[in-house]
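Residue strings, one per chain:
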Amino acid sequence: MSHNVLFFLTPKAMCQFVYDDFTVRQALEKMESSGYTALPILNKRGEYRGTLSEGDVLWAMKNLCNMDLRMAETRRIMEISRRRDNIPVRVTTSMRDLVERAVAQNFVPVVDDKDTFIGLITRKAIISYCRERLFPED
């Protein structure tokens, strides 16, 4: 049975993300409340801009904010040096390419032809699917 990218998609409405105009403090609070260690960054048009990780925020607190939470209210997340942005895929991406991307990323952002974020695919969703296929009796 063949599936496409949409089979694994968590739609945008069910995703946690930060906007590119968030402050460091807002991003920190969003990460804390969501429980995720990395979140997609979107602009107000809904376009994918990158990935913000806990490590990125930690280094920003040290390097941009001098460990001062009040200063974290004045610095924007796009000022943060990010270690790595998760590279997005389109709905037309092959399953092979999706799996390859998921090997290196804990989630894979999915964008449409206008680079608008439509959701994400977690590594967990892909591994769960593979587990069900490999070990159907469990």
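Look up: the structure comes first, before these words.
Reference entry: report on the structure contained in this document. (Residues numbered from 1 in each chain as written. Predicted model: local features only at pLDDT ≥ 70, side-chain atom pairs only at ≥ 80, totals over all residues. Heavy atoms only, no water.)

**Observations concerning the overall build of the chain**
In step 1: In terms of regular secondary structure, the chain is built from four helices and seven strands.
In step 2: Starting at the N terminus and ending at the C terminus, the chain contains elements arranged as β-β-α-β-β-α-β-α-β-β-α.
In step 3: Expressed as a percentage of the 138 residues in the chain, the buried residues total 38%.
In step 4: In the chain, the share of contacts with a sequence separation of at least 24, taken over all contacts with a separation of at least 6, comes to 53%.
In step 5: Split by element, the accessible area of the chain, about 8500 Å² in all, is 52% carbon and sulfur.
In step 6: When the 21 positive and 19 negative side-chain charges of the chain are each reduced to one mean point, those points stand 2 Å apart. (Helix = DSSP H or I, 4+ residues; strand = E, 2+ residues; numbered from the N terminus. Buried < 20%, exposed > 50% of the residue type's maximum accessible area, 1.4 Å probe, protein only. Contact = heavy atoms within 4.5 Å. Areas by Shrake-Rupley, 256 points an atom, 1.4 Å probe, with all protein chains shown as cover. Lys, Arg positive; Asp, Glu negative; His and termini not counted. Charge placed at Lys NZ, Arg CZ, Asp CG, Glu CD.)

**Things to note about the sheet that holds strand E6 (residues 107-111)**
In step 1: Taken in spatial order, the four strands make up an open sheet running E1-E7-E6-E5, and their pairing is mixed. Unpaired on one side and paired on the other, strand E1 (10-11) and strand E5 (89-90) mark the two borders of the sheet.
In step 2: Looking at chain direction, E1 and strand E7 (residues 117-122) are connected through two bridges and run antiparallel. If you follow Pro11 over to E7, its bridge partner there is Gly119. (Pairing = 2+ DSSP bridges.)

**Focus: the sheet that holds strand E3 (residues 38-42)**
In step 1: Taken in spatial order, the three strands make up an open sheet running E2-E3-E4, and their pairing is mixed. For this open sheet the edge positions go to strand E2 (18-19) and strand E4 (48-53), each flanked by a neighbour on one side alone.
In step 2: As judged from the five bridges shared by E3 and E4, these two strands associate in the antiparallel manner. For Ile41, the partnering residue across the bridge sits in E4 and is Gly50.

**Observations concerning helix H1 (residues 24-34)**
In step 1: Taken as a whole, H1 has its buried residues at Val24, Ala27, Met31 and Ser34. Viewed end-on, H1 has its buried residues packed into an arc of 105 degrees, placing them on one side of the element. Opposite its buried face, H1 presents the exposed residues Glu32 and Ser33, each directed more than 90 degrees away.
In step 2: Buried residues belonging to H1 abut E2, E3, E4 and helix H2 (54-63).
In step 3: After H1 finishes, the residue Gly35 shows a positive phi value of roughly 85 degrees. (Arc of directions from axis to C-beta.)

**Here we look at the side chain of Asp20**
In step 1: Looking at the element boundaries, Asp20 is found in the loop between E2 and H1.
In step 2: One polar contact links Asp20 to Arg49, side chain to side chain, over a distance of 2.5 Å.
In step 3: Residues in contact with Asp20, not counting those within four places in the same chain, are Ile41, Leu42, Asn43, Lys44, Arg49, Ile77 and Met78. (Polar contact = N/O pair within 3.5 Å; in protein donor to acceptor, adjacent residues only side chain to side chain.)

**A closer look at the packing of H1 against H2**
In step 1: Two elements in contact, H1 and H2, have axes separated by 11 Å at closest approach and are oriented at 140 degrees. For the pair H1 and H2, the crossing hand works out as left-handed. The residues of H2 that touch H1, namely those facing Val24, Leu28 and Met31, are Glu54, Val57 and Met61.
In step 2: Class assignment for the residues of the contact of H1 with H2 results in five nonpolar, no polar and one charged. (Axes fitted to C-alpha atoms, helices over the stretch in contact; angles between N-to-C directions. Left-handed = near helix turned anticlockwise from the far one by under 90°. Nonpolar A, V, L, I, M, F, W, Y, C, P; charged D, E, K, R; others polar.)

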